[in-house]
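# Residue-level structure breakdown
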Amino acid sequence: MRNMTRREFGKTLAAAAVAGAALPKFAFGAPVAEARAFPKGFLWGCSTAAYQVEGGAQDDGRGPSNWDIFSHTPGKTHNGDTGDVADDSYHRYKEDVQLLRSLGVQTYRMSISWSRVFPNGTGQMNAKGMDYYNRVVDELLANRITPYITLFHWDLPAALPGGWQNRNTALAFAEYAGFVTRKLGDRVNHFMTTNEFTCFTDLGYRVGQFAPGLQLPAKEANQVRHHGILAHGLAVQAIRANSPRGTQVGLAENANVYVPVIETPEHIDAARRATRMGNAPFLTALMEGAYMNEYLEQEGANAPHFAPGDFNAIGSPLDFVGLNIYTPTYVRADANSPMGYALEPAPTSYPHMASPWLTIGPECIYWGVRNVCDVWKVPAVYITENGTSSDDVLTPAGRVEDTDRVMYLRNHLTNLHRAVAEGYPLKGYFLWSLLDNFEWADGYSKRFGLHYVDFKTQKRTPKLSAEWYRTVVARNMVE
Ligand code: PNW
């Protein structure tokens, strides 16, 4: 037989299919029943954060946060966008709970605005602010959706002097965390302390891209990092001291995810080394109850100062680790480097989603789980965020055909299933995000939601990806 072009070959196949001709009974492509089923009891959910969705910035006695100040400073956010109104979830939370319900998810990860509860960060409590969260939690439970609460997702009370530069902020955080667990602990069983150390420390105080927009020298910026992890540790202790037995405590961390360039033992080993060193200021310090010597040596005179006893708190055992996973970093073994590995720079042609930082590498969600479990033997892992921005367009017919988001999610969940199949202790997955919202310095220019939000009318429209996710949740399986 002469060689056929690919096009001709396709035509032949199509003709055979129409005629029902000579294809084997179990043809290629026939589904293998439940090949990608997740375990019974696996939890599906969505994530949001207070400042990104609530709005109601001045309602009922809420105090200003660093993000109110930052977003109202000219030139800091895209188009001067602020979270003053955002998705107006402060008033529309019942509608948002119905969105969750129609997706069929079992869980919802949300955060609490510290300055809604303590307008000055410490001292006088604002009962009306706390009451909002009581109502949201009750509404979720009435709809059989389990709340997972993040205590700090970047909106720091502006009244706290020096922000995260001040060690006292870590103490204030623990007080606030203890207070909230006393109020919600009868109904909420899962708390996360902080979200993404690197974003609220380095991006805020070293790079200046996030609130408060500072560009401090290394020594001071490293001290900010230390106050961040100290806040986490003290809060773990405060939550445990103020909640009923059985309350699960963890955090949500965007640890750098190292993917071996080729899946061979030497590169896999390189990925593990990179996981420790590349997360040394944050997750490694929590998991090991100490800074790695290599980190302290690397920072030299700029290394953070810490008090004796800090690491008793920082190294507090956790019930789970939450991982926010979006992108990979490729790594290879390198016998010539002191740590035994080298990072692969991305070629300029490397593809990304609508946000330029969101490079595509769906195997990162597998390696993120695997590296953390292999290196530190954690008891339980959740994916606390995963998702993508997309240039969504609402058609006149009222549809959003976000096939690129579906592509991104399908590939990530397929890779996540591999981690489950290999027995890693993965308990659940929270998709970022339930609805389009205030995307920090990108304002409203980047959409991450399963629901399209018209920010003029606040109308929510489910996208194709919402329909797709509903199917995944209903089948407990990724196709
Ligand atoms: C996370 N980066 O932030 C946050 O937890 C969310 O609040 C946010 O909306 C979401 O991811 C999407 O951005 C990140 O530049 C922001 O690598 C930036 C980066 C990573 C995570």
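Just so you know, these numbers come straight off a predicted model, no measurement behind them.

### Structural notes on the site of the ligand
- Taken together, the neighbourhood of the ligand is formed by 13 residues, with Gln52, His153, Glu385, Glu439 and Trp440 sitting nearest.
- Within the side chain of Gln52, a nitrogen or oxygen atom sits 2.8 Å from an oxygen atom of the ligand.
- Taking Asn195, its side chain carries an N or O atom lying 3.0 Å from an oxygen atom of the ligand.
- In isolation the ligand exposes 450 Å². Once the protein is present, 87% of that is buried.
- Here the shell around the ligand is composed, by residue class, of six nonpolar, four polar and three charged.

### Observations concerning helix α6 (residues 127-142)
- Between its first and last C-alpha, α6 extends 22 Å over 16 residues, near the 22 Å set by a 1.5 Å rise per residue.
- Inspection of α6 places Gly129, Met130, Tyr132, Tyr133, Asn134, Val136, Val137, Glu139 and Leu140 among the buried residues, and these make up the whole buried set.
- Contact partners of the buried residues in α6: α2 (50-53), α4 (89-103), β2 (107-111), α5 (114-117), β3 (146-152) and α7 (168-184).

### Let's talk about the pattern of salt bridges
- In this structure the tally under the stated criterion is 26 salt bridges.
- For Asp319, the salt bridge identified is with Arg240, shortest N-O distance 2.9 Å. Of the two residues, Asp319 sits in the loop between α14 (310-314) and β7 (321-324) while Arg240 sits in helix α10 (residues 218-242), which places them 79 residues apart along the sequence.
- Since its relative accessible area comes to 34%, Arg240 is described here as partly exposed.
- Bridged by salt links that share partners, the residues Asp392, Asp402, Arg405, Asp436, Arg447 and Lys463 form one connected network.

### Notes on the sheet that holds strand β9 (residues 341-343)
- The sheet built from three strands is open, its strands ordered β6-β8-β9 with mixed pairing. Single-partner strands in this sheet number two, and they are β6 (258-260) and β9. Sheet twist, expressed as the average angle between the axes of neighbouring strands with direction ignored, equals 40 degrees.
- Packing against the sheet, helix α11 (residues 265-278) makes contact with β6, β8 (329-333) and β9, and its axis sits at approximately 120 degrees to β8.

### Here we look at the packing of helix α16 (residues 403-421) against helix α17 (residues 464-475)
- Taken N-terminus to C-terminus, the directions of α16 and α17 make an angle of 25 degrees; their axes are 8 Å apart at the nearest point. Relative to α17, the element α16 is oriented roughly parallel. α16 and α17 meet at a crossing whose hand is right-handed. Seen from α16, the contacting residues are Thr403, Arg405, Val406, Leu409, Arg410 and Leu413; seen from α17, they are Leu464, Ser465, Trp468 and Val472.
- Its residues assigned to classes, the contact of α16 with α17 comprises six nonpolar, two polar and two charged.

Procedures and definitions
Sequence positions are assigned chain by chain, starting from 1 and proceeding in written order. Where local features are concerned, this predicted model is filtered to residues with pLDDT of at least 70; where side-chain atom pairs are given and counted, the filter is 80 or more; whole-chain, interface and lining totals use all residues. Each side-chain value is worked out from all heavy atoms of the structure, with water and hydrogens disregarded. Note on terminology: near, applied to a residue and a molecule or strand, indicates that one of the residue's heavy atoms is within 4 Å of it. What qualifies as a polar contact is a pair of N or O atoms within 3.5 Å, subject to a donor-acceptor requirement within protein and to the restriction that residues adjacent in sequence count only when both atoms come from side chains. Accessible surface is estimated by sampling points in the Shrake-Rupley manner with a 1.4 Å probe; for residues, cover comes only from the protein chains shown. Polar here means any residue outside two lists: the nonpolar Ala, Val, Leu, Ile, Met, Phe, Trp, Tyr, Cys and Pro, and the charged Asp, Glu, Lys and Arg; Gly therefore counts as polar. Helix and strand assignments come from DSSP, with helices taken as H or I runs of at least 4 residues and strands as E runs of at least 2, each series counted from the N terminus. To estimate how far a helix should reach, multiply one less than its number of residues by 1.5 Å. Working definition: with a 1.4 Å probe on protein chains only, accessible area under 20% of the residue-type maximum means buried, over 50% means exposed, and in between means partly exposed. Residue contacts are counted whenever heavy atoms from the two residues lie within 4.5 Å of one another. What counts as a salt bridge is simple: a side-chain nitrogen of Lys or Arg found within 4 Å of a carboxyl oxygen of Asp or Glu. Two strands are counted as paired when DSSP detects at least two bridges linking them. Lines fitted to the C-alpha atoms define the axes, with helices restricted to the stretch that makes contact. Angles between their N-to-C directions range from 0 to 180 degrees. Note on terminology: angles under 35 degrees are roughly parallel, angles over 145 are roughly antiparallel, angles of 65 to 115 are roughly perpendicular, and the others are oblique. Left-handed describes a crossing whose near helix is turned anticlockwise from the far helix through less than a right angle; right-handed describes the clockwise counterpart.

As far as function goes, none of this settles anything; it's purely spatial.
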